[in-house]
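# Structural characterization, general
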There are 2 protein chains.
Amino acid sequence: MASYTPPTKDMQFILHDVLDVSGSDIPGYAELDADFTSAVLDEAGKLASEVLAPLNSVGDTEGCSLENGVVRTPTGFKAAFDQIREGGWTALDLPEEYGGQNMPAILGTAVGEMFSASNQAFTMYHGLTHGAASAILAHGTDDQKTRYLPNMASCEWTGTMNLTEPHCGTDLGLMRTKADPQDDGSYKISGQKIFISSGEHDMAENIIHLVLAKIPGGPEGIKGVSLFIVPKFLVKDDGSLGDRNGMTCSKIEEKMGIHGNATCVMDYDDATGWLLGEEHKGMRAMFTMMNEARLGVGMQGLAQAEAAYQNAVEYAKDRLQGRDVTGDQNPDGPADPLIVHPDIRRALLDQKSFVEGARAFLLWGAFLFDRSHRTGDEDAEGLVSLMTPVIKGFLTDQGFDMTILAQQIYGGHGYIEDSGMSQYARDARITMIYEGANGVQALDLVGRKLAQSGGKYIMAFFEEVKTFLKENSENETLKADFLDPLKDASKHLQAAGMYFMQNGVKNPNAALSGSYDFMHLFGHVCLGLMWARSANAAAEALDKGAADTDFYNTKLITGRYYMKRRLPATAMHLARIESGADPVMSLDADQF
Amino acid sequence: MASYTPPTKDMQFILHDVLDVSGSDIPGYAELDADFTSAVLDEAGKLASEVLAPLNSVGDTEGCSLENGVVRTPTGFKAAFDQIREGGWTALDLPEEYGGQNMPAILGTAVGEMFSASNQAFTMYHGLTHGAASAILAHGTDDQKTRYLPNMASCEWTGTMNLTEPHCGTDLGLMRTKADPQDDGSYKISGQKIFISSGEHDMAENIIHLVLAKIPGGPEGIKGVSLFIVPKFLVKDDGSLGDRNGMTCSKIEEKMGIHGNATCVMDYDDATGWLLGEEHKGMRAMFTMMNEARLGVGMQGLAQAEAAYQNAVEYAKDRLQGRDVTGDQNPDGPADPLIVHPDIRRALLDQKSFVEGARAFLLWGAFLFDRSHRTGDEDAEGLVSLMTPVIKGFLTDQGFDMTILAQQIYGGHGYIEDSGMSQYARDARITMIYEGANGVQALDLVGRKLAQSGGKYIMAFFEEVKTFLKENSENETLKADFLDPLKDASKHLQAAGMYFMQNGVKNPNAALSGSYDFMHLFGHVCLGLMWARSANAAAEALDKGAADTDFYNTKLITGRYYMKRRLPATAMHLARIESGADPVMSLDADQF
């Protein structure tokens, strides 16, 4: 049976040693001193490890069931949901006026990782509610905010996002769901939406669906899409619940994983909805939710990798199999533990160096998100917007790969469902798909974000790297192991960007053929930068005589592994990119 | 619902255009002319696509059940098994004297790919029987051969291999199962074996278990392990079935995939067994089976990738989503098919170029296997023995990755079990684990095979590459696209071998830390070589005025993709290898 230990110390290291959050001038950050974040993380960690983690396999095994439109969640989910709700965990970073605690997103992200790692399917119920609440917060009228947000903040009511239809997922311009305007200002929504996570369940008294639909007579395609608030039970002016609205869950899907979360087919039949934001500007409003959700999904990828890694390490220490080639390490036992073997260590260090680097990257993203939201800093917004597809795409691709590596450590026992290692892989698999499949992330990155504002934000990223390298150019501890590899990797990223600039204008396919590799190349450079920063922080702590030398030395060794063993992937991605469009585009469709 | 189309034409291309099998002097190969192999492959393909493929999702959904020691296989499996059996498909390459057809293994391998691709869980029942029969053929007494082989060849009786115990998988020296010698020359076998594929089922009247066990008083560890034939029903001298033997299936495992195959816990309690081969030489006898099984598992990896790829291509052609950035390709439709998008093509070409290159590699392996078995050529045996861990490890790692890429093309629909794409990934996942987890393959390759006979066989491999490059050095069609990349990749492999030689003696961990990367580096060079050969064959066919120019041009384009986009991975693997033991070995176990 898999278990989960909150990585509080590693989180504290990033928050305080690397990012020095309480020293930042972002409003709200001064409160984030080490004692405070430690107290919050400890409490969240307790819930994650003691309440949510034990329900993870229950959710996987039982799954959800649908009978007469009613979805039953797995045993124990409702009690745990009440506990999360009562602890105020569902609205950490929502405004106080709606019942939230107004904490920075960076803290919500760290807490979110723990919840996701311990039980992804469960955490989606309130995670998506948070996303829907954010969209209402950003685009809703005062009445809408007052009507919906307090109960969504507390998760008395949960939220969903309804985009996909059977014939369209990525290409939402094809959507058929209609919204007919009514005299009272409301709309009648009709159509079918699929893949609606938490679309129906038994843990909240109301569900606030955000639904994309087209108002007849509006512009064709994506420009004619509007966003609507469509509650399961209409909400009266006094806040009490009124009539049941015209939607039903007609099916829940059998999926590869996240069985504990109900993935619903939702049929809307003259359901009453209210416009959220402006007519035909639905995509803009939805993207508030999507961008937040994409960072959240990147976090899930890392979270599953962390949980899987923890179990793989324990197994590698416990399982006795074979002998160290350089001499017995457990001479009194029948064999040495797996962890003596170089190839087991290779697999564990791939995971460890990814997870810790990815966490630093994600929290840096959340830091920029806070700076953008709390100070209106457009540069921070531009940079986090550029990195959002990388956080989503790279962290979930790699996160999934890491769950596979962790499962592999178990040998045959990992393939057996009892071990829980299969579930990590099956659950992590969805993160590469939902909130925009990773190919779409790569397209967003290379086709849109890269050239935004004349390439200003990618230049800002290179500036971050350059500044770090310059500031530490005299640092002999870092030079060979961290600075040189980072410089090389960053050059590969620059060369790739240059290739796109020189070739992408006359042939967009020359850039798009390399989009996926660019996303990974960028991701590696980001993790390389985060490891260089982490190593720097660790070295400084050691210089200052930190008591826990073992912890900081481990950071240096793990970081060096990333730089030496993982970062060389950048040259490969560049080579692929520079091979251009021709190898990719030369086959006719019927030659495949 | 997923479907399967036999890739007969691609197989014919490799057999005849690339390997020119009927022109080979290997006994039995002269009969393998294009008409003959085409007829066999067509028949096998019909069974695969029409009988086995439709049962693939049935097996996944129903799984096997155990009641009172009796395992029930999924609906339809028994009828299909009878059909496979009656067609003589279970003993294509077994000797005629035992009811086989004595065909070369290369043809059995091509047929095996089709069966595996259409239904891996089903095909394991007769695939493992074949392996067990091979071990009896190689090590059995005349009496044992006569007693067991005819019914195993026809799969009236099926076979298993029993290695793993709860506390030992890779390290079989720890095994506890005992074999007590009896006065009549038999042994009493007692102990528990786990992960026994096809250990119990309802499709055959007898099951011949090959069981590893220790004879008390024998040498410690792996040197005291012997192999035994332990039939479910004892076989009388007249060939009829006697008493039920002392073993029961006490549990079948819940697994991530291959649900249609019963993975059994087998409890042996004073079961009667007979020594196969010599006392304490069980591992040698078992390796006959293991080596064959490892080639077979490599084949499964490729097979699942092929099947998944086929469905991904169809989906990419059918599914309308988004527009070609260079101009609408389907102006009358609501959107263009997915396959217009460069990143979809990238994902499809990763799969296509892998599958076709891997198939050539596998069949080349089978070719060498035949040469070794049918002519006693020790060089061929040495080379295929060297490449066996690469075929197993590389083809299954990559094959699994390709099923994930194929699933990804479907977006959310791929995560839903209905599409069948999840099953390909879940089934393929086991191939990285069973018959020796891939890390063990890498260890076998670098720790044993590489230095065997003074490195003679890796030198022979380089000679193959060198000869090909030399013979084609004037070929301008191949030079830039195939020969140069192959030369570079081969140099990386040589450099890696050199690094091991220079560093591995004084520090074995310097070699073992790079073993996994070496396996992948080697695999890429092998596929590069096979693509160069395939391109050469295609170019020659075009020169000779072959009618099907489209087919041959597609080979050239697909091969070029591999060389340009996949082969650059070799430099990355070399960089990882050359980073040595230090990054891998520096952490203490408790620092993980």
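The rules we used
Residues numbered from 1 in each chain as written. Chains lettered and ligands numbered in written order. Predicted model: local features only at pLDDT ≥ 70, side-chain atom pairs only at ≥ 80, totals over all residues. Heavy atoms only, no water. Helix = DSSP H or I, 4+ residues; strand = E, 2+ residues; numbered from the N terminus. Buried < 20%, exposed > 50% of the residue type's maximum accessible area, 1.4 Å probe, protein only. Areas by Shrake-Rupley, 256 points an atom, 1.4 Å probe, with all protein chains shown as cover. Least-squares fit on C-alpha atoms with pLDDT ≥ 70 in both. Contact = heavy atoms within 4.5 Å. Salt bridge = Lys/Arg side-chain N within 4 Å of Asp/Glu carboxyl O. Axes fitted to C-alpha atoms, helices over the stretch in contact; angles between N-to-C directions. Parallel < 35°, antiparallel > 145°, perpendicular 65-115°, else oblique. Nonpolar A, V, L, I, M, F, W, Y, C, P; charged D, E, K, R; others polar. Expected span 1.5 Å × (residues − 1). Bend = angle between axes of the 7 residues up to and from the residue. Domains from an automatic or database assignment. Left-handed = near helix turned anticlockwise from the far one by under 90°. Phe/Tyr/Trp six-rings, centres within 6.5 Å; stacked < 30°, edge-to-face > 60°. Lys NZ or Arg CZ within 6 Å of the ring centre and 35° of its normal.

### As for the overall build of chain A
Each helix and strand in chain A was counted, giving 19 helices and 11 strands. Dimensions of chain A along its principal axes, counting C-alpha atoms only, are 80 × 60 × 55 Å. Looking at chain A as a whole, 65% of its 592 residues qualify as buried. When the accessible surface of chain A is totalled, it reaches about 20300 Å², and 49% of it is carbon and sulfur.

### Here we look at the relation of the copies chain B and chain A
The operation relating chain B to chain A is a screw motion whose rotation component is 180°, with 0.0 Å of axial translation and a residual RMSD of 0.0 Å. The superposition operator between the copies reduces to a two-fold rotation axis. By C-alpha distance to the rotation axis, the residue of chain B lying nearest is Met572(B), at 3.2 Å. Same-surface contact between copies: 100% of interface residues of chain B are shared with the interface of chain A.

### Let's talk about the pattern of salt bridges
Per the stated rule, a full pass over the model turns up 66 salt bridges over all chains. Asp582(A) is the partner of Arg560(B) in a salt bridge, and the nearest nitrogen-oxygen pair spans 3.0 Å. Of this pair, Arg560(B) sits in helix α17 (residues 549–566) while Asp582(A) sits in helix α19 (residues 582–585), placing the two residues on different chains. Classification of Asp582(A) as partly exposed rests on a relative accessible area of 44%. With a shortest N-O distance of 2.7 Å, Lys555(B) and Asp10(B) are connected by a salt bridge. Of this pair, Lys555(B) sits in helix α17 while Asp10(B) sits in helix α1 (residues 8–18), placing them 545 residues apart in sequence. One salt-bridge network, in which partners are shared between bridges, spans Asp10(A), Lys352(A), Glu356(A) and Lys555(A).

### Details of the packing of helix α8 (residues 342–375) of chain B against helix α16 (residues 515–543) of chain B
Two packed helices can be described by the angle between their axes and the distance between those axes. All names here are of chain B. Axis separation between α8 and α16 bottoms out at 9 Å; the angle between their running directions is 90°. Here α8 is positioned roughly perpendicular relative to α16, judged by the angle of their axes. Contacts from Lys352, Ser353, Phe354, Glu356, Gly357, Ala358, Ala360, Phe361 and Trp364 of α8 reach α16 at Cys526, Leu527, Leu529, Met530, Trp531, Arg533 and Ser534. Here the residues of the contact of α8 with α16 are counted per class, giving 10 nonpolar, three polar and three charged.

### A short note on helix α2 (residues 34–62) of chain A
Residue and element names in this part refer to chain A. Relative to the 42 Å expected for 29 residues at 1.5 Å per residue, α2 spans 40 Å between its end C-alpha atoms, a close match to the ideal helical length. Largest kink in α2: about 40°, centred on Leu52, with the proline Pro54 one to four residues after it. Phi turns positive one or two residues past the end of α2, at Gly63, with a value near 65°.

### Some remarks on the environment of Phe522(B)
Residues and elements named next belong to chain B. You can see Phe522 is positioned in helix α16. Taking the C-alpha atoms as reference, Phe522 lies 9.0 Å from Ala489; in sequence the two are 33 residues apart. Sequence-distant contacts of Phe522, defined by excluding residues within four places in its chain, comprise Leu386, Met387, Val390, Leu445, Ile458, Phe461 and Leu493.

### Examining the domain arrangement of chain A
Assigned domains within chain A: domain 1 (8–138), domain 2 (156–281) and domain 3 (445–583). Summarising the inter-unit geometry, the C-alpha centres of domain 2 of chain A and domain 3 of chain A are found 41 Å apart.

### What to know about the packing of helix α5 (residues 120–139) of chain A against helix α7 (residues 282–318) of chain A
Residue and element names in this part refer to chain A. Two numbers describe how α5 lies on α7: the axes approach to 9 Å, and their chain directions differ by 155°. By the angle class used here, α5 and α7 are roughly antiparallel. Crossing handedness for the pair α5 and α7: right-handed. Between α5 and α7, the contacting residues are Gln120, Met124, Leu128, His130, Gly131, Ala132, Ser134, Ala135, Ala138 and His139 on the first element and Arg284, Ala285, Thr288, Met289, Glu292, Gln300 and Gln304 on the second.

### Comments concerning the packing of aromatic side chains
Within the structure shown, the criterion is met by 33 aromatic pairs over all chains. Look at Phe500(B) and Phe518(B): their rings are 5.2 Å apart centre to centre, the planes differ by 50°, and that puts the pair in the tilted class. Note that Phe500(B) is positioned in helix α14 (residues 476–504) and Phe518(B) in helix α16, a separation of 18 residues in sequence. Side by side, Phe500(B) and Phe518(B) carry an identical accessibility label, which is buried. Connected via pairs of aromatic rings, a cluster forms that spans Trp364(A), Phe461(A), Phe462(A), Tyr499(A), Phe500(A), Phe518(A) and Phe522(A). Over the ring of Phe400(B) we find Arg429(B); its NZ or CZ atom is 5.8 Å from the centre of that ring. Between Arg533(B) and the ring centre of Trp364(B), over which it is positioned, the NZ or CZ distance is 4.9 Å.

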